[in-house]
Amino acid sequence: MEVLKYPDPRLRTPSEPVVQFDSTLHRTLDSMATTLYGAHGIGLAGAQVGFFFRVFIVDIEAQNGGKARLFEFINPEWIHKKGSTTWKEGCLSIPGLNETVKRAGHIAIKYQNRFGERHKLVAEELLAVAIQHEYDHLDGVLFIDHLSFLRRYFVKRKLQTSATMMRV
Ligand code: CO
């Protein structure tokens, strides 16, 4: 699947809840996993591949070329977010950019799996951060939105410059 790249305005599209847990959903999730592992990312949201439904996948081992545990989150909702942690984040939709972002260090989330069954997960540190990053994509939020005003200004200028260069 093709991953939409910043500043594509479709990345700002809010995603709709999933109501049909059918073969179309399953095929899409399978293709997303192939895309995630192929790109050595640790998470991918539906919106990043033009599937504007509230789904994302996470495998925090994928960046090392491994397959540890693939989580599929459908219609996720926060139970709680606590504490804080900072990690250097990147995004498959914003290649070449890594920035330190502050997020909750401990989360609990409820979600459905691909069959519509309800689950809960408690996570901390990298897994918690990856889940928060992907959840943001469902609301059209990108990790650069969490940077300080000044940092965001510099980052946007840098991204605009590289976009200009790519048009040549
Ligand atoms: Co991302």
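The coordinates are above.
Presented here is an overview of the structure given in this document. As the structure is a prediction and not an experimental result, all values here were calculated from the model.

**A few points about the packing of aromatic side chains**
This structure, assessed with the given rule, holds six aromatic pairs. When the centroid spacing of 4.6 Å and the interplanar angle of 25° are considered together, the rings of W78 and Y135 count as stacked. Residue W78 is found in strand β3 (residues 71–82), and its partner Y135 is found in helix α2 (residues 125–138); the two are separated by 57 residues along the sequence. Consider the rings of Y153 and F154, whose centres lie 5.5 Å apart with planes at 75°: the pair is edge-to-face. You can call Y153 partly exposed: its relative accessible area is 44%. Each residue in the set F56, F71, F73 and Y111 is aromatic and connected to the rest through ring pairs, giving one cluster.

**Thoughts on the nonpolar core**
Grouped together as the largest cluster of nonpolar side chains are 18 residues, with contacts concentrated most on F56, F73, I109, L121 and I131. Listed by contribution, the elements that provide at least two residues to this core are β2 (55–58), β3, β6 (106–112), β7 (118–124) and α2. Take this core: its biggest share by element is six residues, from α2. Each residue touching L121, except ones within four places of it in the same chain, is listed here: F71, F73, I107, A108, I109, Y111, L127 and I131. Counting 15 residues, the second-largest nonpolar core is a separate cluster that includes M32, A33, F51 and A62.

**Description of the sheet that holds β6**
Read across the open sheet, the five strands follow the order β1-β2-β3-β6-β7; overall the sheet is antiparallel. A single partner strand is all that each edge strand has here, and the edge strands are β1 (43–45) and β7. For this sheet, the mean inter-axis angle between neighbouring strands, taken without regard to orientation, is 40°. Both β1 and β2 contribute to a ladder of three bridges, which runs antiparallel. Bridged to G43 within β2 is V58. On top of the sheet, helix α1 (residues 23–39) reaches β1, β2 and β3; it is set at about 40° to β2, its chief contact. Contacting β1, β2, β3, β6 and β7, α2 crosses the sheet at an angle of about 155° to β2.

**So, the environment of M32**
Its location among the elements puts M32 in helix α1. The buried category is assigned to M32, whose relative accessible area is 0%. It is 16 Å that separates the C-alpha atoms of M32 and A130, two residues lying 98 residues apart in sequence. With residues near it in sequence (within four places) discarded, M32 still touches M1, L44, A45, G46, V49, V55, F56 and I57.

**What about α2?**
In a regular helix each residue adds 1.5 Å, so 14 residues correspond to 20 Å; α2 covers 21 Å between its end C-alpha atoms and thus fits that length. Buried within α2 are the following residues: L127, A128, V129, A130, I131, Q132, H133, E134, Y135, D136, H137 and L138.

**Observations regarding unusual backbone geometry**
Looking along the chain, the bond that leaves Y6 and enters P7 is cis, with omega of 5°. Here P7 shows up in the segment before α1. In the Ramachandran plot, H40 falls in the positive-phi region, its phi being about 55° despite a non-glycine side chain. Mapped onto the secondary structure, H40 falls in the loop between α1 and β1. In this structure H40 comes out as partly exposed when scored by relative accessible area, which is 46%. The backbone of E125 shows a phi angle near 50°, a positive value even though the residue is not glycine. Within the element layout of this structure, E125 appears in helix α2.

What counts and how
For every chain, the first residue of its written sequence is number 1, and the numbers climb from 1 along that sequence. Predicted model: local features are reported for residues with pLDDT of at least 70 only, side-chain atom pairs are reported and counted for 80 or more only, and whole-chain, interface and lining totals are derived from all residues. Note that water and hydrogens are dropped before the side-chain values are worked out from all heavy atoms of the structure. Whether two aromatic rings pair depends on their centres lying within 6.5 Å, for rings of Phe, Tyr and Trp, where Trp uses its six-membered ring; planes under 30 degrees apart make the pair stacked, over 60 edge-to-face, and the rest tilted. Helix numbering and strand numbering both begin at the N terminus, where a helix is a DSSP run of H or I of at least 4 residues and a strand a DSSP run of E of at least 2. Each residue gets one of three labels from its accessible area relative to the maximum for its type: buried under 20%, exposed over 50%, partly exposed in between, using a 1.4 Å probe on protein chains only. In this description, a nonpolar core means a group of buried Ala, Val, Leu, Ile, Met, Phe, Trp, Tyr and Cys residues linked to one another through side-chain atoms lying within 4.5 Å. Here, two residues are considered to be in contact whenever any of their heavy atoms come within 4.5 Å of each other. For two strands to be treated as a pair, DSSP must find at least two bridges joining them. Under this scheme, a helix contributes an axis fitted over its contacting stretch, all axes are lines through C-alpha atoms, and angles between N-to-C directions fall in the 0 to 180 degree range. The span expected for a helix works out to 1.5 Å for each residue beyond the first.

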